Amino acid sequence: MSRAYTAAELAESEGLELRGDGDTPIRRVAPLDRAEADAIAFLALASHRHHLATTRAGAVILTAEMAEACPTTALVSPNPHATYARIAQLLHPRAHPPAGIHPSAVVGEGCRLGAGVSIGANAVLGDDCVLGADVVIGAGSVLGNRVTVGDDSRLVASVTLCDDTVVGRRALLQPGAVIGGDGFGFASDDGHWLRIPQIGRVVLGDDVEVGANTTIDRGAIDDTVIGNGVKLDNLIMIGHNVCIGENTAMAACVGIAGSVTIGARCTFGGGAIINGHIEIVDDVHVTGNSMIVAGIDKPGLYSSGMPLMGNREWRKNMARLKKLDELARRVTELERDAEK
Amino acid sequence: MSRAYTAAELAESEGLELRGDGDTPIRRVAPLDRAEADAIAFLALASHRHHLATTRAGAVILTAEMAEACPTTALVSPNPHATYARIAQLLHPRAHPPAGIHPSAVVGEGCRLGAGVSIGANAVLGDDCVLGADVVIGAGSVLGNRVTVGDDSRLVASVTLCDDTVVGRRALLQPGAVIGGDGFGFASDDGHWLRIPQIGRVVLGDDVEVGANTTIDRGAIDDTVIGNGVKLDNLIMIGHNVCIGENTAMAACVGIAGSVTIGARCTFGGGAIINGHIEIVDDVHVTGNSMIVAGIDKPGLYSSGMPLMGNREWRKNMARLKKLDELARRVTELERDAEK
Amino acid sequence: MSRAYTAAELAESEGLELRGDGDTPIRRVAPLDRAEADAIAFLALASHRHHLATTRAGAVILTAEMAEACPTTALVSPNPHATYARIAQLLHPRAHPPAGIHPSAVVGEGCRLGAGVSIGANAVLGDDCVLGADVVIGAGSVLGNRVTVGDDSRLVASVTLCDDTVVGRRALLQPGAVIGGDGFGFASDDGHWLRIPQIGRVVLGDDVEVGANTTIDRGAIDDTVIGNGVKLDNLIMIGHNVCIGENTAMAACVGIAGSVTIGARCTFGGGAIINGHIEIVDDVHVTGNSMIVAGIDKPGLYSSGMPLMGNREWRKNMARLKKLDELARRVTELERDAEK
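These numbers were taken from a predicted model, which means no experiment stands behind them.

## Topic: the packing of helix 4 (residues 311–321) of chain A against helix 5 (residues 324–339) of chain C
Closest axis-to-axis distance for the helix 4 of chain A/helix 5 of chain C pair is 7 Å, and the angle between their directions is 55 degrees. The pairing of helix 4 of chain A with helix 5 of chain C is recorded here as oblique in orientation. The residues of helix 5 of chain C that touch helix 4 of chain A, namely those facing Lys316, Asn317, Arg320 and Leu321 of chain A, are Leu324, Asp325, Ala328 and Arg329 of chain C.

Structure, rendered in structure tokens:
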């Protein structure tokens, strides 16, 4: 945690109207219902409005509409959640490790390191890597040859970037992420599989985040491309030659087969599985656990996946589901008979 | 493998009745139908009872009821499977690597290491870590700053524990596990995503096991908490601020979104996907591949997921499923007509 | 990329008929519709035939039937995709890192290393490992004790092989793969879980590929066995004592519980979940996201998983699905009434 700010300083930093005591010292963020006097909280949902009356927060970020009812210092924002995120970043900055190369790290030949770069213990860089200013390569990370990482990007620890991977600026890559492994490309030859060399790269735009143990495969010939501002949670699989548009976000355990093109500003719930070689347009939202086997050409909210049932009901319903086509035919038959 | 025990020694160590030759030397565990004379096997299911007649095992662990039919040395136990587990641990103890810090390991400032601690090759500890007695940090593991690991815990190899993670006693963490990565928390700001700092920790209780490449994210503000005795298989995702009760077990590939609260003694089959912000009570059991979108307030056995079909039938049935609501309306219509 | 070959050299290396200019220099592979004059492309699908007319490729691999229409140099092959794979391997060989042990690597006692072995920076080998000729152990990989790796196998980087793991020849293991972690085996003892020691190994045959962050657990007593030529994509979970037959291939995010036996030449789509203790015969093909809860005793194409719908329709249909058994009874009732 860094130093305290006054409520007035925080309001000013965000260009927001302040109501109440601007001298209130704020040291941390906290939830509205459990915040102490040195904390700032936010209120975004009308359904949480009742917490206002009893909050002990030093300050609250909320909309003008709700600010009337705020018993403490208020920061009035049109988007309290976004304001909260920015103020939380200010109050809880991520520590930048000291610049320099840890003596146990290995840096290959021909690497170019920007000012302020920090390379952690037992990290490895291959040859001809290029790291921008203030890049942090966390302990135990491995970079292949000719890897490029843009300014202000951070590999938390134990990240692997294979040869020729390109990471943009301000990336945040969590431990265990593997970027640039070979795509899953084989030709069938008389019952055997022949590997097809994967000679494309992975290219991540700016402001991309990649979760723990997520994997992004390099392209077969062309590159796998992750757009600016894309956020990927943990244990996601991105196949070769996938292209993801700007600011699309995916929850954990999503799997995307090869050569899928996904638009901008999409969201995917956890565990969604996406077939290869399809296209999904901008502004598509898919709920968790969905199976996507065909392209989606209209924005909107889509779902699949079966809701939970008691095991006994489920067994009965599934026995019927396996004969649903027959059931539908029987209904058609009944309708025909009724019309006679 | 360690030394041989006699059947009598094993019975005594477990406080069990022995029937037959107590001097039989036992060196290993083996399945009932393939055990040799130096092995001990167990019989728990009546359906496997027929293997008794032909077993060549030196000794068999089984219930009093089944012991009558045992042709060889018998250890009579009310819970043969549990007895088997304990005797297997005795016969096949995990080797403890020599205490000490491998010369290639890196240990930060201010770390406190208990007696018997072993730190493997190329492992990294940040600053101010605290390791209890006999902790094993396997090769290539990375611990951030201020990580705490309780007595007798073992990181097999290549495990990553991020800053401030707390691991209890007797934990077993398989390779590739990542504990304490940032939770997936963003605020939407005019089409962009703003990161919300994740300032909570992960706290694992005692006797927790975490499978290979499983990820557990740190909390947003409060901690992510894994109760005593929880067992997690491989490639599981535990989101930020999840709380899991004691002795709950999860098979591989389970994904749990943020802020889920799960009770004690639950079991989850492989591939289950759990939506965020829900509560599941104690003693809930969910079969594999289930989708859980709402809280569960009664103990019991629950399921979802579609049974496999021939591809042709599946296509037909799915075409009908997409119009199931219409089909149900047609049935209601028929019923109405019939009543006229 | 390596040197250029002439089209004639490529045809000869594959024993194929060449039509057109054999002197055309070829330096790379490329897609038919975007290839330049120094590239070779392939045409396998009749539906892509129209690209032939406009291709600028220096040479095209295609069947005799399609070769008639080829405006440029043609390599006539009965299996253009397989020929393409072999020629791509020739044109884009994987660089073999220099033989030797990087000074930062740690090699235990009693290890035997074949000719041409390369051990990368900060890699760790335990004691008594055996590496065949030309094995590449990529940077940051960790091998336990008594690990065996066959000739010409490559661990790209950050791979973990636990004690006693056996890897065959010509394996390709992507970063983050964990092979030989403990199986998920516990006995229930009065509400607690007791670990059952996992004393089997993992044995990989020849020509096996394992994707990034895939995990294969060691057997409980017997070994987990992966047959020759098996190809596993990323983030796959293979439970203890699974046996997979030769040349079976699995797309990403497949999860297989313990003691499953799978035949040869099977394929599994991404995200398939397979219950424990079942048997699947040879030549079974399962589409993505399927749930397999029972054995499969006939070759064929199988499916489950629910197609995507608009969220509104999905909600309506799912409400009906939860009462499908009742709906079917109502239809039966109507049929009975109609027969009266």
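Having seen the structure, we can now continue with the description.
## What to know about the interface of chain A and chain C
Contacts between the two partners involve 61 residues from chain A, matched on the other side by 72 residues from chain C. For the pair chain A and chain C, the summed buried area comes to about 5,200 Å², and 65% of that belongs to carbon and sulfur atoms. If you sort the residues of chain A by the area they bury against chain C, Phe184, Trp193 and Met291 of chain A come out on top, with a joint share of 13%. At the boundary of chain A with chain C, the tally comes to six salt bridges. Our enumeration of links across chain A and chain C arrives at 26 residue pairs in polar contact (both at pLDDT 80 or more). Of all the secondary-structure elements, those providing two or more residues to the side of chain A that touches chain C are strand 21 (178–181), strand 22 (186–189), strand 23 (192–195), strand 26 (215–217), strand 38 (291–292), strand 39 (300–303), helix 4 and helix 5 (324–339) of chain A.

## Notes on the packing of aromatic side chains
All names here are of chain C. Evaluation of the coordinates by the stated rule reveals six aromatic pairs over all chains. Measuring from ring centre to ring centre gives 5.0 Å for Phe184 and Phe186, while their planes differ by 80 degrees; the resulting arrangement is edge-to-face. Look at Phe184 and you get partly exposed, because its relative accessible area is 23%. The exposure class of Phe186 is buried, given its relative accessible area of 12%.

## A few points about the domain arrangement of chain A
Taken domain by domain, chain A consists of domain 1 (5–91), domain 2 (100–302) and domain 3 (312–340). Summarising the inter-unit geometry, the C-alpha centres of domain 2 of chain A and domain 3 of chain A are found 46 Å apart.

## Focus: the sheet that holds strand 6 (residues 59–62) of chain C
Residues and elements named next belong to chain C. One open sheet accounts for five strands, arranged 2-7-6-5-4; its pairing is mixed. A strand with exactly one partner marks an edge of an open sheet, and here the two such strands are strand 2 (17–19) and strand 4 (28–29). One ladder, built from three bridges, connects strand 5 (residues 39–42) with strand 6; its direction is parallel. Paired with Ile40 across the bridge in strand 6 is Ala59. The strands touched by helix 1 (residues 7–14) within the sheet are strand 2, strand 5 and strand 7 (73–76), with strand 7 carrying the most contacts at an inclination of about 5 degrees. Those strands touched by helix 3 (residues 80–91) are strand 4, strand 5, strand 6 and strand 7, and its axis lies near 155 degrees from that of strand 5.

## Observations regarding the relation of the copies chain A and chain C
You can overlay chain A on chain C at an RMSD of 0.0 Å; the transform is a turn of 120 degrees with a shift of 0.0 Å along its axis. A rotation of that kind, with that shift, is consistent with a three-fold axis.

## Looking at the side chain of Ser118 of chain C
Residues and elements named next belong to chain C. Following the sequence through the fold, Ser118 ends up in strand 11 (residues 118–119). For Ser118, a relative accessible area of 5% puts it in the buried group. Here Ser118 is in contact with Pro97, Pro98, Ala99, Gly100, Val135, Val136 and Ile137, once residues within four sequence places are set aside.

## Points about the pairing of strand 7 (residues 73–76) of chain A
All names here are of chain A. Here strand 7 shows a buried face lined by Thr73 and Leu75 and a second buried face lined by Ala74 and Val76. Here strand 2 (residues 17–19) pairs with strand 7 via three bridges, running antiparallel. Residue Leu18 lies in a different strand from strand 7, and its bridge partner there is Leu75. Sheet topology places strand 6 (residues 59–62) next to strand 7; four bridges connect them, and they run parallel. Residue pairing in the sheet places Val60 in a bridge with Ala74 of strand 7.

## Remarks on the interface of chain B and chain A
Taken together, the contact between chain B and chain A spans 61 residues of the former and 72 residues of the latter. Summing both partners gives a buried area of about 5,200 Å² for chain B against chain A, and 64% of it is carried by carbon and sulfur. The three residues of chain B that bury the most area against chain A are Phe184, Trp193 and Met291 of chain B, which together make up 13% of that side's buried surface. Note that Arg34 of chain A is salt-bridged to Asp222 of chain B, the shortest N-O span being 2.8 Å.

## Comments concerning the sheet that holds strand 21 (residues 178–181) of chain B
All names here are of chain B. The 10 strands are arranged 9-12-15-18-21-26-29-32-35-38 in an open sheet whose pairing can be described as parallel. Of all the strands in the sheet, the pair left with one neighbour each is strand 9 (106–107) and strand 38 (291–292). Pairing of strand 9 with strand 12 (residues 124–125), which is carried by two bridges, proceeds in the parallel orientation. Each residue of the ladder has a partner; that of Val107, found in strand 12, is Leu125.

## Details of a nonpolar patch on the surface
On the surface, Ile101, Val107 and Leu113 of chain A cluster together into a nonpolar patch covering about 200 Å² of accessible area. Within the secondary structure layout, Val107 of chain A lies in strand 9 (residues 106–107).

## Points about the pattern of salt bridges
Tallied over the entire structure, the rule returns 67 salt bridges over all chains. Arg146 of chain C is paired through a salt bridge with Asp164 of chain C; the nearest N and O atoms lie 2.7 Å apart. One end of the pair, Arg146 of chain C, is in the loop between strand 15 (142–143) and strand 16 (148–149); the other, Asp164 of chain C, is in the loop between strand 18 (160–161) and strand 19 (166–167), and 18 residues separate them in sequence. Between Asp325 of chain C and Arg329 of chain C there is a salt bridge whose closest N-O contact spans 3.1 Å. With Asp325 of chain C and Arg329 of chain C both in helix 5 and four residues apart, this pair spans about one turn of that helix. Residue Asp325 of chain C is classed as buried on the basis of its relative accessible area of 10%. Each of Glu14 and Arg86 of chain A together with Asp189 of chain B takes part in salt bridges that share partners, so that together they form one network.

## Considering helix 1 (residues 7–14) of chain B
Residues and elements named next belong to chain B. When helix 1 is considered as a whole, its buried residues turn out to be Ala7, Leu10 and Ala11. The arc enclosing the buried residues of helix 1, seen along the axis, measures out at 100 degrees, which places them on a common side. Those residues of helix 1 hidden inside the fold are in contact with strand 1 (5–6), strand 2 (17–19), strand 3 (25–26), strand 5 (39–42), strand 7 (73–76) and helix 3 (80–91). The positive-phi residue at the C-terminal boundary of helix 1 is Gly15, with phi of around 65 degrees.

## Quick notes on unusual backbone geometry
Residues and elements named next belong to chain A. The phi dihedral of Asp128 falls on the positive side, at around 60 degrees, and the residue is not glycine. One non-glycine residue, Cys253, adopts positive backbone phi at about 70 degrees. Accessibility expressed as a relative area gives 14% for Cys253, which makes it buried.

## Quick notes on the environment of Ala59 of chain C
Residues and elements named next belong to chain C. Considering the arrangement of structural elements, one finds Ala59 in strand 6. Separated by 161 residues in the primary sequence, Ala59 and Ala220 place their C-alpha atoms 53 Å from one another. The residues touching Ala59, leaving out its near neighbours within four places in the chain, are Ile26, Ala39, Ile40, Ala41, Thr72, Thr73 and Leu75.

## Some words on the side chain of Asn241 of chain B
Residue and element names in this part refer to chain B. For Asn241, the location among the structural elements is in the loop between strand 29 (237–238) and strand 30 (243–244). Within the local environment of Asn241, its side chain forms a polar contact with the backbone nitrogen of Ala220, the two atoms lying 2.9 Å apart. Excluding its chain neighbours within four sequence positions, the residues that come into contact with Asn241 are Gly219, Ala220, Ile221, Asp222, Asp223, Thr224, Ser259 and Val260.

## Thoughts on the state of the cysteines
Under the counting rule described, the total for this entry stands at zero disulfides over all chains. Lacking any disulfide linkage, Cys266 of chain B is separated from the closest cysteine sulfur, that of Cys243 of chain B, by 13 Å. Taking the relative accessible area as the measure of exposure, Cys266 of chain B reaches 0% and is therefore buried. Left unpaired, Cys111 of chain C is separated from the closest cysteine sulfur, that of Cys129 of chain C, by 4.4 Å.

## Looking at the pairing of strand 5 of chain B
The pairing of strand 4 (residues 28–29) of chain B with strand 5 of chain B spans two bridges and is parallel. What sits directly across from Arg28 of chain B, in strand 5 of chain B, is Ala39 of chain B.

## Some words on the environment of Ala177 of chain C
All names here are of chain C. Relative to the helices and strands, Ala177 resides in the loop between strand 20 (172–173) and strand 21 (178–181). As for Ala177 and Leu161, which are separated by 16 residues in sequence, their C-alpha atoms are 8.2 Å apart. Not counting the four nearest positions on each side in its chain, Ala177 is found in contact with Ser158, Val159, Thr160, Val210, Gly211, Asn213 and Thr214.

## Some words on the environment of Glu9 of chain A
Residue and element names in this part refer to chain A. Tracing the backbone shows Glu9 in helix 1 (residues 7–14). Relative accessible area serves as the criterion here: at 33%, Glu9 is assigned to the partly exposed category. Separated by 73 residues in the primary sequence, Glu9 and Ala82 place their C-alpha atoms 17 Å from one another.

Definitions and cut-offs
Residues numbered from 1 in each chain as written. Chains lettered and ligands numbered in written order. Predicted model: local features only at pLDDT ≥ 70, side-chain atom pairs only at ≥ 80, totals over all residues. Heavy atoms only, no water. Axes fitted to C-alpha atoms, helices over the stretch in contact; angles between N-to-C directions. Helix = DSSP H or I, 4+ residues; strand = E, 2+ residues; numbered from the N terminus. Parallel < 35°, antiparallel > 145°, perpendicular 65-115°, else oblique. Contact = heavy atoms within 4.5 Å. Buried area = accessible area lost by both parts, 1.4 Å probe. Salt bridge = Lys/Arg side-chain N within 4 Å of Asp/Glu carboxyl O. Polar contact = N/O pair within 3.5 Å; in protein donor to acceptor, adjacent residues only side chain to side chain. Phe/Tyr/Trp six-rings, centres within 6.5 Å; stacked < 30°, edge-to-face > 60°. Buried < 20%, exposed > 50% of the residue type's maximum accessible area, 1.4 Å probe, protein only. Domains from an automatic or database assignment. Pairing = 2+ DSSP bridges. Least-squares fit on C-alpha atoms with pLDDT ≥ 70 in both. Patch = residues over 30% accessible without salt bridge, like charges linked within 9 Å, V, L, I, M, F, W, Y side chains within 5 Å. Areas by Shrake-Rupley, 256 points an atom, 1.4 Å probe, with all protein chains shown as cover. Arc of directions from axis to C-beta. Disulfide = S-S within 2.5 Å.

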